[in-house]
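# Survey of secondary and tertiary structure
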Amino acid sequence: GLCFLPAGKFYQHAPTETSQATLASVSPVFAVMKFDKEGNTTYFEKKKTELYQELGLQARDLRFQHVMSIATRNNRIIMRMEFLKAVITPEFLLILDYRNLSLERWLLNELASQLAGEGQLVTYSLPFEFRAIEAILQYWISELQGRLNTLQPQILEILEDLVDPKLLSVDRSKLHILLQNGKSLSELETDVKVFKETILEILDEEEVIEELCLSKWTDPQVFEESTSGIDHAEEMELLLENYYRQAEDLLNEARELRVLIDDSESIIFINLDSHRNVMMRLNLQLTMGTFSVSLFGLIGVAFGMNLESSLEEDPRIFWLVTGIMFLGSGLIWRRLLSFLGRHLEPPLPPHVPAVLKKSQPTAGRVEIKTSIKGETFGLSRGTLTNQ
């Protein structure tokens, strides 16, 4: 919805009326969706210079980068939620550059009804800016929750396949998908942290919370209600704290998923190391067998030389030498395998006398705590999988 300057033309200063008119003619144009207190919607396009003059704002106030912030100026609330750009007044809400697929669906189906009075945190009526702020915060926290709900089942399904101890190798395609999902999860954690920190900065400043209550300073009736019974600053603080807690819960879920990925990676490495050790041991056993056969094969080599002796004349000597070779090779191989088993098998724990067992109850408690910790981790992982 923006009209950019033609290539090669730059406007730095406009001291005359002619240059001002030229600047206005090439100023960016905002596609604006306007909502009033009753939820009525209107669409229009307006130049940036005209819009900020009508709203009583400065040009820099409408420079929306992909950042997140909530600020007030001249009894206006300016909210930046990355691609969601909004200006709130006591009478209406403006959504700038609304042409976004997911954003348009929310604007057309949900926002108008929320601004008309639905979705309030309390039963009695609050000013319009409360409903507008709550609707935008609810939309953004829903977007973040939706991203997590999309990533979580995909990550859990891949981890369930990768941690199978029966697998002798790891599917590289699944590892690639897990890497992409892990990157998306890191981006989600960053977005949730920025959202939470943005709200926290406002909660730490009481003056900013007061400034967010626009109707309190423009409507005498609202000001009287705020001073007599309903403290609108406290209601605004409660509203922000509610979404701050939701962001905190969402961040904890993302962190749990991150911990599960890290733990699963450790399990995958342990499984691969276990299979690698089995293959190495098998290779060592075959090497020992080859050595045993080669050792007693020297007898066959000696008889295979082109030298004559009296032994080859005896018909029974062939079977005797062959039997000695096979028997000797088998015995040597068994001895080497027993030697390998003694040095590779873990040693048995030393015997502890009964007297010492009774005098050391702390060790039992440590073992119980260790087992409980393992069971707790299993339960937490099972709970996350069910979720």
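The structure presented is a predicted model; accordingly, all values stated were derived computationally and were not measured.

## Some details on the overall build of the chain
Tallying secondary structure elements over the chain gives 12 helices and six strands in all. Expressed as a percentage of the 387 residues in the chain, the buried residues total 32%. Taking contacts inside the chain between residues at least 6 apart in sequence as the whole, the part at least 24 apart equals 63%. Carbon and sulfur atoms form 58% of the exposed surface of the chain, whose accessible area is close to 24,600 Å².

## Focus: a negative patch on the surface
Side chains of Glu197, Glu201, Asp204, Glu205, Glu206, Glu207, Glu211, Glu234 and Glu237 sit close together on the surface and give a patch of like negative charge. At the level of secondary structure, the elements contributing two or more residues to the negative patch comprise α5 (172–203), α6 (206–212) and α9 (232–303). It is α6 that provides the largest number of residues to the negative patch, a total of three residues. Counting through the fold element by element, glutamate 205 comes out in the loop between α5 and α6.

## So, the sheet that holds strand β1 (residues 29–36)
In spatial order, the strands read β2-β1-β6-β5-β4-β3; together these six strands make up an open sheet with antiparallel pairing. Lying at the two open borders of the sheet, with one neighbouring strand each, are β2 (41–47) and β3 (68–73). Averaged over neighbouring strand pairs, the angle between their axes works out to 20 degrees when direction is ignored. Where strand β5 (residues 84–88) meets strand β6 (residues 92–96), four bridges bridge the pair, whose relative direction is antiparallel. Among the inter-strand pairings, valine 87 is bridged to a residue of β6, identified as leucine 94. The sheet strands contacting helix α2 (residues 48–55) are β1, β2, β4 (76–81), β5 and β6, and the helix crosses β2 at an angle near 115 degrees. Across the face of the sheet, helix α4 (residues 128–162) comes into contact with β1, β3, β4, β5 and β6 while running at roughly 5 degrees to β4.

## Some words on the UniProt feature "coiled-coil region" (unreviewed entry) in the chain
UniProt annotation of "coiled-coil region" (unreviewed entry) refers to residues 233–267 when read in the numbering used here. Taken end to end, residues 233–267 is 100% helix and 0% strand, and its first and last C-alpha atoms sit 51 Å apart.

## Quick look at α2
Looking at α2, one finds that the buried residues are Lys48, Thr49, Leu51, Tyr52 and Leu55. Take α2 and look down its axis: the buried residues cluster within an arc of 165 degrees, on one side only. Exposed and facing more than 90 degrees away from the buried side of α2 are Gln53 and Glu54.

## Some details on the pairing of β4
Summarising burial for β4: six of the six residues are buried, a large majority. Of the two faces of β4, the one lined by Arg76, Ile78 and Arg80 and the one lined by Ile77, Met79 and Met81 are each fully buried. Here β3 hands over to β4 after two residues, with asparagine 74 in that stretch at a positive phi of 55 degrees. Relative to β5, β4 runs antiparallel, the two sharing five bridges. Bridge pairing in β5 links isoleucine 77 to isoleucine 88. In this structure, the hairpin formed by β4 and β5 is closed by a connection of two residues, where glutamate 82 is found at a positive phi of approximately 55 degrees.

## Some thoughts on the UniProt feature "transmembrane region" (unreviewed entry) in the chain
Under the UniProt annotation, "transmembrane region" (unreviewed entry) lies at residues 286–305 and 317–333. Secondary structure across residues 317–333 comprises 100% helix and 0% strand; the distance between its end C-alpha atoms is 24 Å.

## Regarding the nonpolar core
In terms of nonpolar packing, the biggest core is built from 65 residues, with Met79, Met81, Leu93, Ile95, Leu137 and Phe195 touching the most fellow members. When residues of this core are assigned to domains, at least three fall in each of domain 1 (27–115) and domain 2 (121–272). The residues contacting phenylalanine 195, other than those within four sequence positions of it, are Met68, Met81, Leu137, Trp140, Ile141, Leu144, Tyr243 and Ala247. Val32, Tyr52, Ile78 and Leu94 belong to the second-largest nonpolar core, a separate cluster that totals 12 residues.

## Re the side chain of glutamine 114
Within the secondary structure, glutamine 114 is located in helix α3 (residues 101–115). Take glutamine 114: its relative accessible area is 18%, and that puts it in the buried class. Excluding residues that lie within four positions of it along the chain, glutamine 114 makes contacts with Trp106, Arg131 and Ala135.

## Quick look at the environment of isoleucine 88
Mapped onto the secondary structure, isoleucine 88 falls in strand β5. As a C-alpha pair, isoleucine 88 and leucine 214 span 126 residues in sequence and 9.1 Å in three-dimensional space. When residues no more than four places from it in sequence are discounted, the contact partners of isoleucine 88 are Arg76, Ile77, Met79, Leu93, Glu129, Ala132, Ile133, Ile136 and Leu214.

## Details of the packing of α4 against α9
Running from amino to carboxyl end, α4 crosses α9 at an angle of 10 degrees, the nearest separation of the two axes being 11 Å. As far as their axial angle goes, α9 and α4 are roughly parallel. For the contact of α4 with α9, a count of residues per class yields 21 nonpolar, six polar and three charged.

Calculation notes
Residues numbered from 1 in each chain as written. Predicted model: local features only at pLDDT ≥ 70, side-chain atom pairs only at ≥ 80, totals over all residues. Heavy atoms only, no water. Helix = DSSP H or I, 4+ residues; strand = E, 2+ residues; numbered from the N terminus. Buried < 20%, exposed > 50% of the residue type's maximum accessible area, 1.4 Å probe, protein only. Contact = heavy atoms within 4.5 Å. Areas by Shrake-Rupley, 256 points an atom, 1.4 Å probe, with all protein chains shown as cover. Patch = residues over 30% accessible without salt bridge, like charges linked within 9 Å, V, L, I, M, F, W, Y side chains within 5 Å. Salt bridge = Lys/Arg side-chain N within 4 Å of Asp/Glu carboxyl O. Lys, Arg positive; Asp, Glu negative; His and termini not counted. Charge placed at Lys NZ, Arg CZ, Asp CG, Glu CD. Pairing = 2+ DSSP bridges. Axes fitted to C-alpha atoms, helices over the stretch in contact; angles between N-to-C directions. UniProt positions renumbered as here; feature names shortened; annotations may be inferred. Arc of directions from axis to C-beta. Core = buried A, V, L, I, M, F, W, Y, C linked by side-chain atoms within 4.5 Å. Domains from an automatic or database assignment. Parallel < 35°, antiparallel > 145°, perpendicular 65-115°, else oblique. Nonpolar A, V, L, I, M, F, W, Y, C, P; charged D, E, K, R; others polar.

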